[in-house]
Amino acid sequence: MADVTITELAKMVGVPEDRLLEQIKEAGLPQTKAEDTMTNEERTTLLMSLKSKHGEDTSGGATPRKITLKRKTVETLKTSDNQGRSKAVNVEVRKKRTYVKRSVEEAQLEAERKEAEQRALEEKEKQEKEAQEKARQLELEKSGDKPVRDDGAASKESVSKAPFSLKKDVAEDVSLDEKGEARRDHKKGATRKDTIKDSPEVLEKKKTNLRRREKDEDAKKFQRVRSSDDFILDEDQEFDDSARRRGRRKLSQGQKEHKFEMPTDFISREIEVPEAISVGDLAQRLSLKSGELIKSLMGMGVMATLNHMLDQDTSILLVEELGHKAKPVSDHALEENLVESIKYEGEEVSRAPVVTVMGHVDHGKTSLLDYIRKSSVTAGEAGGITQHIGAYHVETDSGMITFLDTPGHAAFSAMRSRGAQATDIVILVVAGDDGVKPQTEEAVQHSQASGVPIVVAINKMDKEGVDVDRVKNELAAKGLTPEEWGGDTQFIEVSAHTGKGIPELLEAVLLQAELLELKAIEDCPAKGVVIESRLDKGRGPVATVLVQNGTLKMSDVILAGHEVGKIRAMIDETGKQIKEAGPSIPVEILGLNGTPEAGDDFLVVQDEKKAREVAEFRMNKFREIQVAKQQAAKMEAVFATIGDEQKKLLNVVLKTDVRGSLEAISAALLGLGNEEVSVNIISSGVGGISETDVQLAQTSKATIIGFNVRADKSARTLVENESLELRYYSVIYDLIDDVKAVMSGMLAPELQEEILGVAEVRDIFTSPKFGSIAGSMVIEGTVYRSKPIRVLRDDVVIYEGELESLRRFKDEASEVRSGMECGIGVKNYTDVRVGDKIEVYERKEVARTLA
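As a starting point, this report considers the structure included with it. From a predicted model like this one, the values you see are computed outputs, not experimental measurements.

What counts as what
- Residues numbered from 1 in each chain as written.
- Predicted model: local features only at pLDDT ≥ 70, side-chain atom pairs only at ≥ 80, totals over all residues.
- Heavy atoms only, no water.
- Helix = DSSP H or I, 4+ residues; strand = E, 2+ residues; numbered from the N terminus.
- Buried < 20%, exposed > 50% of the residue type's maximum accessible area, 1.4 Å probe, protein only.
- Contact = heavy atoms within 4.5 Å.
- Areas by Shrake-Rupley, 256 points an atom, 1.4 Å probe, with all protein chains shown as cover.
- Pairing = 2+ DSSP bridges.
- Axes fitted to C-alpha atoms, helices over the stretch in contact; angles between N-to-C directions.
- Core = buried A, V, L, I, M, F, W, Y, C linked by side-chain atoms within 4.5 Å.
- 1 Å grid on protein atoms, 1.4 Å probe; cavity = no way out; pocket = protein on both sides within 12 Å on 5 of 7 lines; lining within 4 Å.
- Points joined across faces, edges and corners; volume = space filled by probe spheres on them.
- Nonpolar A, V, L, I, M, F, W, Y, C, P; charged D, E, K, R; others polar.
- Phe/Tyr/Trp six-rings, centres within 6.5 Å; stacked < 30°, edge-to-face > 60°.
- Lys NZ or Arg CZ within 6 Å of the ring centre and 35° of its normal.
- Arc of directions from axis to C-beta.
- Polar contact = N/O pair within 3.5 Å; in protein donor to acceptor, adjacent residues only side chain to side chain.

Next up on the list: the overall build of the chain. When helices and strands are counted, the chain shows 22 helices and 38 strands. Out of the 851 residues belonging to the chain, those deemed buried represent 39%. Sequence separation of 24 or more characterises 68% of the internal contacts of the chain that already satisfy a separation of 6 or more. Here the chain displays about 50,500 Å² of accessible surface, and carbon together with sulfur accounts for 48% of that area.

Structure follows, in structure tokens:
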């Protein structure tokens, strides 16, 4: 056979090249690389080396020096599960033993060793027998009996010969029975030597000790090695019963010893330091005891405990003080890594502009959009006003435009703010006959803060009394100067009823969009903003989103705020299901595990597991913020109620149809009230009123308010049984007015004083019954007997009390009118002088209202 390389030989033999090179080195051959070749003689040398390691006879003999026995048995164990049902488990037990053939010299040495051990054992037994005999004679002497003399020859009555020989035990050989267990057979021709049998227990103990020493000697002499890829396992794998049941091998004392040695040199590590970490957690990262870390902090002048939170700067100084390298880590690293893993690459294309229509309430924003869309949305709005953000995209002759219609009511300030942030252009609608109003100014502020260009649409040009110059002057004062006045703001006169100026308005919007050069990437994962969200009873959480970049597709995994899910359905504003939505397209999506906050950013991710981790992290952060707010509110409430324990609360359970309305109504309700009464929102949420909400209202004695939602049957039954107050609303004006009226009724009435009459003292008389009587003339109003009075001297009040008597001549009178004389007796007051005035008044309670 020709020479072969190490690589070829390894493939033929079926062993790794590294292993084969090690064996070649151990055989003393010169090859060291896989490319080296081997001759036939070198391969024969390698084979002989391997055989000698395996214990085979390399001299050509047919009898091997080692025999390995393997046995595999299967046992069945019966166990029971949690329901008590029995179950059979098959357990396979594998055993392997190796027997080594000893040489003649080894056998002679072994025999001599065993004979020496036997002689030592006999000598020891003889000494023990003599000691026992002496002890027995000593006991007989103490008891008074005649001692028995023993000259070494034992009588037949007291001593019997032992039926076994120790020599025979020493010469036992080891073999296997049918069950694979070890048993000992007596060697033929063994010399029998009778010994004196003291007791069966003593002899059995001696036999056991002898066998144990014999076994230990064998183990020391024939140290076997464990097998690797090309070695036979030469060590008997001993299993005790308990170790076999646990499936673990019984370890020797040496294996049980701990092999780890503590490093003596200091090891500098890189420690990740978050924005906030407790002393205990930092000690764990530094592999230090907390006490040592606290001691180091004390050295830095920081008094801390185990649970004390450290900021990032302090933690970095401490880590570097201890000799380690600090690596600052942001708390939002998980989110940042997820965002960085998403690649937004591709060709940018032009996209449609996103236009938000803003303005004061009832200035015609939605009517203007109705004319553009050729629909009738206003008729479907409760009260004829918009209470949600409506998102539509419209195909015009000049191109596609996406419109966002925001509410104009004061309570929807947050919605207008979100509309300005998500848009490219703002159409500011101003009624020509009404001019600039508070919400108009607010819309201008939101747009200017977002840096969004504004196109002004002066609406209702078909009505009489329109003053365009007034509108331009008022807006110019707010920073919106018309183009014809040298500014950069386009003013378009339109009418939502007749359609006047609508084409010019759309042309102005598209012209502004061309100047902005709006671009987006279509072929990439989608991202955008949540416009609105609600909880639908039949479909679950529904979110209206605006795609700003990329393409949103069915089955995409979407992360929106602290909610995550896979898109199950996509619906456009007309109610049709679609498969994908590109940039600047608003769409409703189903599949999220909750209702995200309006205004949250959303993005499509590839790894759903990472998305859920980020969502859980955001939710934990949100809860921490909520708890912190609650704690702060509790402390503020405690300090606010010090010395003012009479403040009344109107408890409310609020449920709305969409998230934006919930936010607006909550802000409006919390803004009501004063230092005497306020609204306390016990619970709020999106969706119908459930039985749980009613039970919560019952416990907290709250009023249940439903805005565009209804209670289910069980909830209505509970409301009727418990006589709770449940109110439905569809217009935010009515809701706020009713709550304000209820709060006004909770206010303490205002006490007002009304002066009924004034009498001037002209003379003083003395009565034996009433004491001093003031002869007076009523100069104003009417003096009543039962009303409280004040005594004024030089127009200064010197006494407040009541009348004891009021007489006209000698008769008692209940009242005396102006211009008439009377006698007045003041109760418990006698220091009435001529010239004093007696003022009669009454207090009235006047109902108060909230401003």
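Having seen the model, we can carry on.
Further remarks concern the sheet that holds strand β27 (residues 648-656). Pairing in this open sheet of four strands is parallel, and the strands run β28-β27-β29-β30 from one edge to the other. The open sheet terminates on both sides in strands that have one partner only, identified here as β28 (677-686) and β30 (726-729). The average undirected angle you get between the axes of adjacent strands in this sheet is 25°. Both β27 and β28 contribute to a ladder of nine bridges, which runs parallel. Note on β28: the bridge partner recorded for V652 is I681.

Next up on the list: helix α11 (residues 312-321). Within the sequence span of α11, burial applies to T314, S315, I316, L318 and V319. On its buried face, α11 sits against β7 (270-273), β8 (276-278), α9 (279-286), α10 (290-299), β9 (309-311) and β10 (325-328). Once α11 ends, the next one or two residues include G323, with phi positive near 95°.

Here we take up the nonpolar core. For soluble globular proteins, the rule of thumb is that nonpolar side chains tend to be buried together. Within the largest apolar cluster, 25 residues are counted, with the highest numbers of intra-cluster contacts made by V355, L368, I401, F403, I427, V494 and L505. Per-element accounting of this core gives the leading share, seven residues, to helix α17 (residues 502-516). Here V355 is in contact with I401, T402, F403, L404, T423, I425, I427 and V509, once residues within four sequence places are set aside. Counting 22 residues, the second-largest nonpolar core is a separate cluster that includes V652, I705, L747 and L850.

This part takes up empty space enclosed by the protein. Counted under the stated rule, the structure contains one cavity of 30 Å³ or more. Estimated volume of the largest cavity: approximately 80 Å³. Around the largest cavity sit L650, V652, T703, I705, E725, R727, Y729, D738, V739 and V742, which together line it. Listed by contribution, the elements that provide at least two residues to the lining of the largest cavity are β27, β29 (703-707), β30 and α22 (732-746). Residue contributions to the lining of the largest cavity peak at three residues, all from α22. Class assignment of the residues belonging to the lining of the largest cavity gives a composition of six nonpolar, one polar and three charged.

Further remarks concern the packing of aromatic side chains. Across all of its chains, the model carries one aromatic pair by this definition. Consider the rings of Y799 and Y829, whose centres lie 4.6 Å apart with planes at 15°: the pair is stacked. Of this pair, Y799 sits in strand β34 (residues 796-808) while Y829 is found in the loop between β37 (821-826) and β38 (837-846), placing the two residues 30 residues apart along the sequence. We note that Y799, like Y829, is buried. In this structure, R710 packs its charged tip against the face of Y728, placed 4.5 Å from the ring centre.

It is worth spelling out the pairing of β38 at this point. Bridge count for strand β31 (residues 750-767) against β38 is 10 bridges, and the pairing is antiparallel. Looking across to β38, one finds that L751 is bridged to E845. Pairing between strand β33 (residues 788-793) and β38: four bridges, direction antiparallel. Paired with V791 across the strands is I838, a residue of β38.

One closed barrel holds the six strands; their spatial order is β19-β20-β25-β23-β22-β26, and the pairing between them is antiparallel. Here the strands of the sheet are splayed against their neighbours by 45° on average, with no regard to which way each runs. The sheet contact formed by strand β20 (residues 540-549) and strand β25 (residues 586-592) spans five bridges and is antiparallel. Bridging across to β25, V542 finds its partner in L590.

With that out of the way, let us pick up α9. Taken together, the buried positions of α9 are occupied by V279, G280, L282, A283 and L286. Considered in projection along α9, the buried side chains sweep an arc of 165° and stay on one side of the axis. On the buried face of α9, the contacting elements are β7, β8, α10, β9 and α11. Looking one or two places after α9, you find S287, whose phi comes out positive at around 60°.

Attention shifts here to the side chain of T402. Examined against the element boundaries, T402 turns out to sit in strand β14 (residues 399-405). A polar contact is formed between the side chain of T402 and the backbone oxygen of S584, at a distance of 2.4 Å. Excluding anything up to four places from it in sequence, T402 contacts P353, V354, V355, Y392, H393, L546, S584 and P586.

Before going further, it helps to spend a moment on unusual backbone geometry. Here E517, not a glycine, exhibits a phi torsion of approximately 50°, which is positive. Checked against the element boundaries, E517 lands in the loop between α17 and β18 (519-521). The class for E517 is exposed, based on a relative accessible area of 60%. The residue F809 is not glycine, and still its phi comes out positive at about 60°. Mapped onto the elements of the fold, F809 is located in the loop between β34 and β35 (811-812).

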